[in-house]
Amino acid sequence: MKEVFIGNYGLEQVGQKMTATGWVANIRNHGKLAFIELRDREGLLQVFVAGDSPAFAGIDHLHKEDVISVTGEVVKRENRFVNKAIKSGQVELRAEAIQILANSKSLPFELDQHAHTGEDLRQKYRYLDLRRSKMTENLKLRHQVTSTIRDYLNGKDFMEVETPYLTKSTPEGARDFLVPSRVFKNQFYALPQSPQMLKQLLMGAGLERYYQVVRCFRDEDLRGDRQPEFTQVDMEMSFVSEEDIRRLVEGMLKAVVKKTHGLELTEAFSTISYEEAMSRFGSDKPDTRFGLELKSLTDLCQANESLLIKKALDNQEEVMGICVPNAANAFTKKQLSHFYQEMKGFGASRFASVTVEAGGLQGVLASTFETEVAAFIERFKAQDGDLLLLVIAKKRQAQEALGYLRLEVAKHLDLIDQSLLNFLWVVDWPLLEWNEDQNRYQAMHHPFTQGIFEDGQEPGQFCSHAYDIVLNGYEIGGGSLRIHDRKAQEAMFELLGMSREDYERDFGFFLEALEYGFPPHGGLALGLDRLVMILAGEENIRQVIAFPKNGTGFDPMLESPSLVDQRQLKDLHLELKN
Ligand code: ASP
């Protein structure tokens, strides 16, 4: 085994005879001498092969990506030949003997041409794609993050406990992946969407502080940064307050950033309520690296005489907008209409873009707001040359549509400082949200979250002890204080429209556990893939997962999912329809 990775060779090795093993990244044969760029996990090393050395004879037999072993002396490079672009750039290895350990066929794609290679091809040959330094660095970063988290939590007396992957299907939440049982005919295990109830039961067991770096499975339609299986850093603790949990997680994330970025974050993370996040940023996971905050203009429009506004106000709709400084001419009509088209997806359908000129407003709807011009400009603190983007819709729809617009505009105008890591706690979440399709309330977080109830409130107004941790506009984790009393848990299930029969059947074991002295407790789960993705400066979690599925949930390397043997199906008492 190597004592020093060749990518780390430096002045310490000068004068030593070494045997360097790795992959041939490149060969430059100048006729009378040759250079080999040799690569291992830690980087590149330049190998110098003199024309008169015995090693030179074999140079023509070498191919890119062959695995070789080179024996020779490490020498310091002359100053003018130092290569600052690589870690080992101060030295080179003078080859005396070269041995080929394994040949490589020519690759299906050049590693340095990955940007021009289709992702499915790269995934089919994932082991080759992972040889690229950026990919190796991503996996290293991931390892650093998990090991820092483990060290941190171990240092706080947490215990890592494994929970099963073959569990039970429960109706709440996303769709389960099911695993048919051979032994129990017609019955199925489910892969866990998260170990939520099990980690709570570990609190019932008296463990007090639990964590697990755990795989979770959700059979959902895939979007950019979703995978059917993903990893959570799952935590639970007893006898804690919300603040205890937030402080602990904050300390942990600061330790991570210190390790990965060498950054000492000294200030406490900002905290914002869910309502404030929605009204200022139009998002429950606001990106606070830039401004463009939403403003409500409804109160300024009360005396507006136009039919459009009167009808909107009668209909409990709101007028809201964002002000984009100096952007009067930044967007074409086509771009704006594209944004508006997308905003319709949030249920908003009336938009206006007006520019601020000579202290007044210009644009299609400018005349509608003739009497409000000065008040609008004052509210936005707008200047000549600014662009106001306005929406008229129901409050939530208007907020969400503007939340989308705010982000798109910032991306287009390059207003986001990519060097920032903005952590933010979003707290005071509603307990429930109305599900139109099912005509019932559903849990905003999950049904085990402790509510905060005030007299006279409608269920939709109940608040909860839930919190999310957000980084640069991504939700990287969430959790809550939990219900730890049977009656309260039953009441919660009933709020969600479940009958006693339903919850006894699905959650009976859990409800019973709450009757045997269950401590107050709470926790949180971090989405490890997303966290690492952001820290790695990547835009897709596939870039930080060793063997991910593609965008459709298919694994091009394993060619999975796949058909199985009839015999296997028979064992499982299954028959395929087509
Ligand atoms: N189990 C929850 C989730 O996966 C997190 C938590 O409440 O701890 O979102």
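Please refer to the structure placed before this passage.
Read on for a plain summary of the structure.

1. Comments concerning the packing of aromatic side chains
Counted according to the given criterion, the structure contains 19 aromatic pairs. When the ring of Phe-453 is compared with that of Phe-462, the centres are 4.8 Å apart and the planes differ by 85°; the resulting orientation is edge-to-face. Three or more aromatic residues link up through ring pairs in this structure, and these residues are Phe-448, Phe-493, Tyr-503, Phe-507, Phe-509, Phe-510 and Phe-518. When the ring centre of Phe-48 is taken as reference, the NZ or CZ atom of Arg-94 above it lies at 4.8 Å. For the cation-ring pair, Arg-246 lies above Trp-425, with the distance from its terminal atom to the ring centre recorded as 6.0 Å.

2. Topic: the site of the ligand
All residues adjacent to the ligand are Ser-194, Gln-196, Lys-199, Arg-218, Gln-232, His-445, His-446, Gly-478, Gly-479, Arg-482, Leu-524 and Ala-525. Contact between the ligand and Gln-196: a nitrogen atom at 2.6 Å from a side-chain N or O atom of the residue. Summarising the interface, the protein chains cover 87% of the accessible area of the ligand, which totals 280 Å² for the free molecule. Elements that contribute at least two residues to the shell around the ligand include exactly helix 4 (196-204), strand 23 (474-481) and strand 24 (521-527). Taken together, the residues of the shell around the ligand sort by class into 2 nonpolar, 7 polar and 3 charged.

3. Examining the nonpolar core
Soluble globular proteins tend to pack their nonpolar side chains together in the buried interior. Met-235 and Leu-526 are the most contacted members of the largest nonpolar core, which totals 40 residues. In this view, Met-235 contacts Leu-153, Lys-199, Tyr-210, Tyr-211, Leu-248, Val-249, Met-252, Arg-482, Gly-523 and Leu-524; residues no more than four positions away in its chain are not counted. With 26 residues, the next largest nonpolar core counts Leu-292, Ala-327, Met-343 and Tyr-404 among its residues.

Conventions we followed
- Residues numbered from 1 in each chain as written.
- Predicted model: local features only at pLDDT ≥ 70, side-chain atom pairs only at ≥ 80, totals over all residues.
- Heavy atoms only, no water.
- Phe/Tyr/Trp six-rings, centres within 6.5 Å; stacked < 30°, edge-to-face > 60°.
- Lys NZ or Arg CZ within 6 Å of the ring centre and 35° of its normal.
- Near = heavy atom within 4 Å.
- Polar contact = N/O pair within 3.5 Å; in protein donor to acceptor, adjacent residues only side chain to side chain.
- Areas by Shrake-Rupley, 256 points an atom, 1.4 Å probe, with all protein chains shown as cover.
- Helix = DSSP H or I, 4+ residues; strand = E, 2+ residues; numbered from the N terminus.
- Nonpolar A, V, L, I, M, F, W, Y, C, P; charged D, E, K, R; others polar.
- Core = buried A, V, L, I, M, F, W, Y, C linked by side-chain atoms within 4.5 Å.
- Buried < 20%, exposed > 50% of the residue type's maximum accessible area, 1.4 Å probe, protein only.
- Contact = heavy atoms within 4.5 Å.

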